Amino acid sequence: MIDVHSHILPLVDDGSQSFELSLDLIKEEIKQGVTHIVLTPHIFGKEQKGNRAFQIEQFNKLKEMTKDLPITLILGAEIYYRPHFDLELHRYAFEDTNIILMEFSTQHKTAIEDIVFNIQAKGYQVIVAHVERYLYLTKEDIINIKKTGALLQVNSSAIVGPDKYTKKSMVNMLIRNKFIDIIATDTHNLDVRKPLMQQAFIKLKKYYSQEELYLLFNRINFVKKED
């Protein structure tokens, strides 16, 4: 399994607040069958602590601490879309790829389809973070977002729960129509926002074939950057 959305990098946002917790989270993910974790600290969101240089510094420390564990850590980011910011997307793409994880407002209706279309046109592969939280999206909106080529990510906790950030009807609609491209944890801690990849896998067995399930938990389309 590949977890493409996590807040395991310590002391950089509202996720892990210590290296000890980060190690415990990583070990829990390994236990659940995860082999690759993309560390996606918040960028441009109110939760962000420190700049990109600090995130890279923390990543290098954590990578050294986990060198003997059966896990591959990849640095990415969860980019909160702000129209008035120069996002410099290349700085936040998953390592050695053009893949970016984008987060949008859950409160204010946002033209997600138009935004991701324009970003994809620049050569990026967009993953829309926790799409189940954008309750203003209609079924037609979601279809149109998928037509841009963007991938829709849903949190494992929403599948197992659903969690407090969404509605059961929204999650059921995404499952029933097979709109989900990626399941990831969005884990922050081992209490209320713990990794639930294995539990989500088990719950989705009755809705998806083995091949479809494999893609939900392993679909990461690395796109090499052009020289």
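Residues numbered from 1 in each chain as written. Predicted model: local features only at pLDDT ≥ 70, side-chain atom pairs only at ≥ 80, totals over all residues. Heavy atoms only, no water.

## Overview of helix H1 (residues 19-31)
For clarity, the threshold we go by: Helix numbering and strand numbering both begin at the N terminus, where a helix is a DSSP run of H or I of at least 4 residues and a strand a DSSP run of E of at least 2. By this rule, a helix spans an expected 1.5 Å times one less than how many residues it contains. Relative accessibility thresholds used throughout: buried, under 20% of the residue-type maximum; exposed, over 50%; partly exposed, between the two (1.4 Å probe, protein chains only). Think of it as the arc spanned by the lines of direction from the helix axis to the C-beta atoms. When checking whether two residues touch, look at their non-hydrogen atoms; a contact exists if any pair is within 4.5 Å.
Between the first and last C-alpha of H1 there are 18 Å, a value that for 13 residues agrees with the 18 Å anticipated at 1.5 Å per step. Within the sequence span of H1, burial applies to Phe 19, Ser 22, Leu 23, Leu 25, Ile 26 and Glu 29. Viewed along the axis of H1, the buried residues span an arc of 160°, placing them on a single side of the element. Turned more than 90 degrees from where H1 packs its buried face, Glu 20 and Lys 31 sit exposed. The elements touched by buried residues of H1 are strand S1 (2-3), strand S2 (36-39), helix H2 (52-65), strand S4 (72-75) and helix H7 (197-204).

## Brief notes about the side chain of Asn 218
We count it as follows: Two N or O atoms form a polar contact when they lie within 3.5 Å of each other; inside protein one atom must be a possible hydrogen donor and the other a possible acceptor, and for residues adjacent in sequence the pair counts only when both atoms belong to side chains.
With respect to the element layout, Asn 218 can be found in helix H8 (residues 210-218). Separated by 2.9 Å, the side chain of Asn 218 and the backbone oxygen of Tyr 214 make a polar contact. Look past the residues within four positions of Asn 218 in its chain and what remains in contact with it is Met 1 and Ile 2.

## Remarks on the sheet that holds strand S8 (residues 151-155)
To be explicit about the condition: A pair of strands is considered paired only if DSSP assigns at least 2 bridges between the two.
Read across the open sheet, the six strands follow the order S3-S5-S6-S7-S8-S9; overall the sheet is parallel. If you trace the sheet from one side to the other, it starts and ends with strand S3 (42-43) and strand S9 (182-184), each paired once. The pairing of S3 with strand S5 (residues 78-80) spans two bridges and is classified as parallel. Bridge pairing in S5 links Ile 43 to Ile 79.

## With respect to the packing of H7 against H8
The criterion, for reference: Only the stretch in contact is used when fitting a helix axis, every axis being a line fitted to C-alpha atoms; angles between N-to-C directions are given from 0 to 180 degrees. Every angle not falling under 35 degrees, over 145, or within 65 to 115 is termed oblique; those three ranges are roughly parallel, roughly antiparallel and roughly perpendicular. Handedness of each helix crossing follows the sense of rotation of the near helix against the far helix: counterclockwise by less than a right angle gives left-handed, clockwise gives right-handed. Gly is put with the polar residues, along with every residue not named as nonpolar or charged; the nonpolar set is Ala, Val, Leu, Ile, Met, Phe, Trp, Tyr, Cys and Pro, and the charged set is Asp, Glu, Lys and Arg.
Relative to each other, H7 and H8 sit at 155°, their axes nearing to 11 Å. In terms of axis orientation, H7 runs roughly antiparallel to H8. Viewed along their axes, H7 and H8 form a crossing whose handedness is right-handed. Counted together, Met 197, Ala 200, Phe 201 and Leu 204 of H7 and Leu 213, Leu 216 and Phe 217 of H8 form the full contact between these two elements. Residues belonging to the contact of H7 with H8 are distributed by class as follows: seven nonpolar, no polar and no charged.

## Notes on helix H6 (residues 168-176)
Of all the positions in H6, only Met 170, Val 171, Met 173, Leu 174 and Ile 175 are classed as buried. Those residues of H6 that are buried lie in contact with helix H4 (139-147), S8, helix H5 (156-160) and H7. Following H6 by one or two positions, Lys 178 adopts a phi angle in the positive range, close to 55°.

## Quick notes on the sheet that holds S2
Read across the sheet, three strands follow the order S1-S2-S4 without closing on themselves; strand pairing throughout is parallel. At either end of the open sheet lies a strand with only one pairing partner, and these are S1 and S4. Bridge count for S1 against S2 is two bridges, and the pairing is parallel. In the sheet register, Asp 3 faces S2, and the bridge partner there is Ile 37. Its contacts with the sheet put H2 on S2 and S4, and the angle it makes with S4 is roughly 175°.

## What to know about unusual backbone geometry
Backbone geometry places Phe 44, a non-glycine residue, at a positive phi of 70°. Assignment of secondary structure puts Phe 44 in the loop between S3 and H2. Unusually for a residue other than glycine, Asp 186 sits at a positive phi of about 55°. Structurally, Asp 186 can be placed in the loop between S9 and H7. For Asp 186, a relative accessible area of 3% translates into the label buried.

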